Amino acid sequence: MSEDQQLLCKYEEDLRKMVSETKELTKFGQVADYIPALAEADPDDVAVAIYDGRNTCFSEGNDEQLFTLQSISKVLTLALALIDHGEETVFAKVGMEPTGDPFNSISKLETQVPSKPLNPMINAGALAVTALIKGGSVDEKLTRILEFVRLLSGNSALTYNDKVARSEWESADLNRSLAYFLRQHGIIEGDVEKLLELYTKQCAIEVTCRDLAKIGYSLAYDGIHPDTKEPIMERDIARLVKTFMVTCGMYNASGEFAIRVGIPAKSGVSGGIIGAVPYRLGIGIYSPSLDDKGNSLVGMKLLEKLSKKYQLSIF
Ligand code: GLN
C-alpha cells in the first residue's frame, strides 16, 4: 500500500469513529426554523469531509446531502468584495472587531458611532459587504458570486436553492431592518429590497460537505483552485478572511472555539461548518442540529476531535 493509500485508510477509519462518537449530540440541539424552509432539514443528519489536496476528498456520513451555505457565504462574499474594491473601501463600510452579540443583533448599530457594523461575519456587516459586490443587476452580481464559489469548490454545477431563498426573503424582517438602518446611516446605498434579494440568494447557495471541504482547502492554501492549484485571490485576502474566521466565524462562541479547536472556521444556521487549516486541510461538515448560538453541535465536536487527533490548532 502506498503512503497516500495508507493515509486515506487512516482518515476513513478516524472519521467513521468520530462520527459514531458524536452523532448522539444531535438529540440536544434544534434545527433552525426562523427561516421556515430550514426547518425541513433532518436533525439526525451528519456528514463530514476532509480534503488535503493530494487525495480525493474523503468523507463519512450523508455526504451527498445538499445544504445551503447561509452565513458561510459571508466569508466568500467578503473575499469577492476585497477582490472587487480592496481593503480601504471595504473597511470603510465594515469593521474588524468581534461583537460578543448574536449574529442578527441590531443593538451595536445604534450605540456605535459611526453606525458601522463591527465585522463582516454578523448579518449587518455581511449586508454591507454584499452591497459592495460589483455588477449591473442582482442577477449579474449573483452570477459573479456563484462563479466565484464554483471556482473555490472546483464544482462548476453549484447553484442556489430558490425555495430556501424565497423562504428567507419572505421572513427576513430583521435583516430588512438592519439594511434600512444601514442605509439611513450612509453605510449602504441603493435599493434595500434588491440587496435583500441578493443576500438571501447568496445564503441559499447549495453545497455538500465535500464542496465545503474543497473551499476550505482553497482558503487554507491562500486562495488557490482546489484541483488545478491556480491562484484565485491574493494571498493577503485569504489571510484576512481566515483571520475573521478565527475572531468572528462561530458568532459569539468564537472565543471558546478558538481555545478548544483553534481552526479558522465559519458556521451557518443550516448546520454547515467550513474549516481551513492553513497549509494542511480543508474541512466540510453538515449537521443541522444547532446549539442556542446557532452553531452545529456535532460539527463543533467533530472539529474538536479532528483538531486533537491531527493537531490542527493554529495556536
Ligand atoms: N441567512 C441567514 C440570516 O441572515 C444566515 C444566518 C446564519 O447562518 N447565521 O439570518
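So, here's what we can say about the structure. Only a predicted model underlies this, so the values are computations on that prediction, with no experimental measurement involved. In this numbering scheme, every chain counts its residues from 1 along its sequence in written order. Reporting of local features is limited, given that this is a predicted model, to residues whose pLDDT is at least 70; pairs of side-chain atoms are given and counted only at 80 or more, and all residues count toward the totals for whole chains, interfaces and linings. Computation of side-chain values covers all heavy atoms of the structure but excludes hydrogens and water.

**Digging into the pattern of salt bridges**
Two side chains with opposite charge may pair up if their charged atoms get near one another. Between Lys or Arg on one side and Asp or Glu on the other, a salt bridge is scored when a side-chain nitrogen of the former is within 4 Å of a carboxyl oxygen of the latter. Scanning all chains against the criterion turns up 23 salt bridges. A salt bridge links lysine 309 to aspartate 14; the shortest N-O distance between them is 4.0 Å. Remark: aspartate 14 occurs in helix 1 (residues 3–22) and lysine 309 occurs in helix 13 (residues 297–310); sequence separation between them is 295 residues. The cut-offs for exposure are 20% and 50% of the maximum accessible area for each residue type, with area from a 1.4 Å probe on protein chains only; residues under the lower value are buried, those over the upper are exposed, and the others partly exposed. A relative accessible area of 46% means that lysine 309 is categorised as partly exposed. Here aspartate 14 falls in the buried class, since its relative accessible area comes to 9%. Among the salt bridges present, the one from glutamate 147 reaches arginine 150, with a minimum N-O distance of 3.0 Å. Strands here are runs of E lasting at least two residues and helices are runs of H or I lasting at least four, both read from the DSSP assignment and numbered beginning at the N terminus.

**Quick look at the environment of alanine 213**
With respect to the element layout, alanine 213 can be found in helix 10 (residues 209–220). Considered as a pair, alanine 213 and glutamate 97 are 116 residues apart in the sequence and their alpha carbons are 26 Å apart. Setting aside residues no more than four positions away along its own chain, alanine 213 makes contact with Ala49, Ile50, Tyr51, Cys57, Gly282, Ile283 and Gly284. In what follows, a contact means two residues having at least one pair of non-hydrogen atoms within 4.5 Å.

**So, the side chain of serine 296**
Along the chain, the position of serine 296 falls in the loop between strand 7 (281–286) and helix 13. For the purposes of these results, a polar contact is taken to be a pair of N or O atoms within 3.5 Å, where, inside protein, one atom must be able to donate a hydrogen and its partner to accept one; residues adjacent in sequence count only when each atom of the pair is a side-chain atom. Side-chain polar atoms of serine 296 contact the backbone nitrogen of glycine 299, separated by 3.0 Å. Residues contacting serine 296, with those up to four places away along its chain left out, are Gly271, Ile273, Ser287, Ser289 and Leu290.

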